[in-house]
Amino acid sequence: DFESQKEGMLARIGELNNVMSEKDAQIDELGDKVNSLISIAAEKDSMISALKIIEDRASSMTNRITFLETENAALIVKIEESSSKCQQAEETLFKLAQEAKDTKQCLLDLRKER
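Rules used in this analysis
- Residues numbered from 1 in each chain as written.
- Predicted model: local features only at pLDDT ≥ 70, side-chain atom pairs only at ≥ 80, totals over all residues.
- Heavy atoms only, no water.
- Helix = DSSP H or I, 4+ residues; strand = E, 2+ residues; numbered from the N terminus.
- Rg over C-alpha atoms; globule rule 2.2 N^0.38 Å.
- Buried < 20%, exposed > 50% of the residue type's maximum accessible area, 1.4 Å probe, protein only.
- Lys, Arg positive; Asp, Glu negative; His and termini not counted.
- Charge placed at Lys NZ, Arg CZ, Asp CG, Glu CD.
- Salt bridge = Lys/Arg side-chain N within 4 Å of Asp/Glu carboxyl O.

Colleague: Help me understand the overall build of the protein chain in this model?
Modeller: What the protein chain contains, in helices and strands, is 1 helix and 0 strands. Its C-alpha radius of gyration of 48 Å places the protein chain more than 25% over the 13 Å reference for a compact globule of 114 residues. Along the three orthogonal principal directions, the C-alpha set of the protein chain runs to about 165 × 15 × 10 Å. In the protein chain, which comprises 114 residues, the proportion classed as buried is 0%. Across the protein chain, the centroid of the 16 positively charged side chains sits 19 Å from that of the 23 negatively charged ones.

In C-alpha coordinates:
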(Lines give C-alpha, C1' and ligand atoms only; values in the text may rest on other atoms or scores of the structure.)
Protein backbone atom coordinates (compact mmCIF):
# COMPACT_ATOMS: atom_id res chain seq x y z
CA ASP A 1 0.00 0.00 0.00
CA PHE A 2 0.92 3.63 -0.43
CA GLU A 3 1.51 4.35 3.26
CA SER A 4 4.04 1.55 3.65
CA GLN A 5 5.78 2.63 0.45
CA LYS A 6 5.89 6.18 1.79
CA GLU A 7 7.43 4.99 5.06
CA GLY A 8 9.92 2.88 3.15
CA MET A 9 10.89 5.85 1.02
CA LEU A 10 11.25 8.10 4.06
CA ALA A 11 13.43 5.47 5.74
CA ARG A 12 15.51 5.24 2.57
CA ILE A 13 15.80 9.07 2.44
CA GLY A 14 16.97 9.02 6.08
CA GLU A 15 19.63 6.41 5.23
CA LEU A 16 20.75 8.48 2.22
CA ASN A 17 20.96 11.59 4.42
CA ASN A 18 23.20 9.68 6.85
CA VAL A 19 25.41 8.50 3.98
CA MET A 20 25.57 12.07 2.63
CA SER A 21 26.58 13.36 6.09
CA GLU A 22 29.35 10.75 6.28
CA LYS A 23 30.53 11.67 2.78
CA ASP A 24 30.50 15.40 3.69
CA ALA A 25 32.63 14.62 6.76
CA GLN A 26 35.06 12.63 4.58
CA ILE A 27 35.23 15.48 2.06
CA ASP A 28 35.99 17.95 4.89
CA GLU A 29 38.70 15.62 6.20
CA LEU A 30 40.23 15.31 2.72
CA GLY A 31 40.07 19.11 2.35
CA ASP A 32 42.01 19.48 5.63
CA LYS A 33 44.61 16.97 4.38
CA VAL A 34 44.95 18.83 1.06
CA ASN A 35 45.41 22.14 2.90
CA SER A 36 48.03 20.51 5.10
CA LEU A 37 49.87 19.21 2.02
CA ILE A 38 49.72 22.67 0.41
CA SER A 39 51.21 24.15 3.59
CA ILE A 40 53.97 21.52 3.63
CA ALA A 41 54.74 22.22 -0.05
CA ALA A 42 55.00 25.96 0.69
CA GLU A 43 57.35 25.25 3.61
CA LYS A 44 59.41 23.00 1.33
CA ASP A 45 59.69 25.76 -1.27
CA SER A 46 60.72 28.21 1.43
CA MET A 47 63.35 25.77 2.70
CA ILE A 48 64.68 25.25 -0.83
CA SER A 49 64.99 29.02 -1.26
CA ALA A 50 66.82 29.29 2.07
CA LEU A 51 69.14 26.45 1.09
CA LYS A 52 69.92 28.18 -2.22
CA ILE A 53 70.80 31.36 -0.34
CA ILE A 54 73.03 29.36 2.02
CA GLU A 55 74.65 27.61 -0.95
CA ASP A 56 75.34 30.97 -2.64
CA ARG A 57 76.87 32.35 0.55
CA ALA A 58 78.98 29.22 1.00
CA SER A 59 80.20 29.55 -2.59
CA SER A 60 81.04 33.20 -2.00
CA MET A 61 82.89 32.30 1.21
CA THR A 62 84.79 29.54 -0.60
CA ASN A 63 85.85 32.03 -3.26
CA ARG A 64 86.93 34.50 -0.56
CA ILE A 65 88.90 31.79 1.25
CA THR A 66 90.63 30.82 -2.01
CA PHE A 67 91.51 34.48 -2.59
CA LEU A 68 92.85 34.84 0.96
CA GLU A 69 94.87 31.63 0.62
CA THR A 70 96.45 33.05 -2.55
CA GLU A 71 97.16 36.34 -0.80
CA ASN A 72 98.59 34.46 2.17
CA ALA A 73 100.89 32.44 -0.09
CA ALA A 74 102.11 35.68 -1.73
CA LEU A 75 102.76 37.21 1.70
CA ILE A 76 104.69 34.11 2.78
CA VAL A 77 106.91 34.46 -0.32
CA LYS A 78 107.49 38.16 0.47
CA ILE A 79 108.31 37.34 4.10
CA GLU A 80 110.77 34.67 2.99
CA GLU A 81 112.37 37.13 0.56
CA SER A 82 112.57 39.79 3.30
CA SER A 83 114.03 37.26 5.70
CA SER A 84 116.65 36.31 3.13
CA LYS A 85 117.48 40.00 2.52
CA CYS A 86 117.72 40.58 6.28
CA GLN A 87 120.08 37.65 6.61
CA GLN A 88 122.21 38.98 3.74
CA ALA A 89 122.21 42.44 5.33
CA GLU A 90 123.23 40.92 8.66
CA GLU A 91 126.09 39.05 7.00
CA THR A 92 127.17 42.25 5.19
CA LEU A 93 127.07 44.21 8.46
CA PHE A 94 129.10 41.50 10.16
CA LYS A 95 131.70 41.67 7.35
CA LEU A 96 131.75 45.48 7.53
CA ALA A 97 132.18 45.34 11.29
CA GLN A 98 135.04 42.88 10.85
CA GLU A 99 136.61 45.13 8.17
CA ALA A 100 136.19 48.16 10.44
CA LYS A 101 137.87 46.24 13.27
CA ASP A 102 140.67 45.17 10.95
CA THR A 103 141.05 48.76 9.66
CA LYS A 104 141.15 50.09 13.22
CA GLN A 105 143.79 47.54 14.14
CA CYS A 106 145.78 48.44 11.02
CA LEU A 107 145.63 52.14 11.95
CA LEU A 108 146.74 51.33 15.50
CA ASP A 109 149.61 49.27 14.11
CA LEU A 110 150.61 52.19 11.82
CA ARG A 111 150.63 54.61 14.76
CA LYS A 112 152.81 52.27 16.73
CA GLU A 113 155.27 52.06 13.86
CA ARG A 114 155.63 55.85 13.63
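From this point, things continue past the structure.
Colleague: Which parts of the structure should I look at to understand the pattern of salt bridges?
Modeller: Oppositely charged side chains can form a pair if their charged atoms are brought close together. One pass over the structure, following the stated rule, counts 2 salt bridges. For the salt bridge of Arg12 with Glu15, the shortest nitrogen-to-oxygen distance reads 3.3 Å. Of the two residues, Arg12 and Glu15 both sit in helix H1 (residues 2–113), 3 residues apart, roughly one turn of that helix. By relative accessible area, Arg12 is classed as partly exposed at 47%.

Colleague: Is there a simple way to think about the environment of Lys85 in this case?
Modeller: By the secondary structure assignment, Lys85 is in helix H1. Using a relative accessible area of 57% as the deciding quantity, one classes Lys85 as exposed. Along the backbone, Lys85 and Gly8 are 77 residues apart, and their C-alpha atoms lie at a distance of 114 Å.

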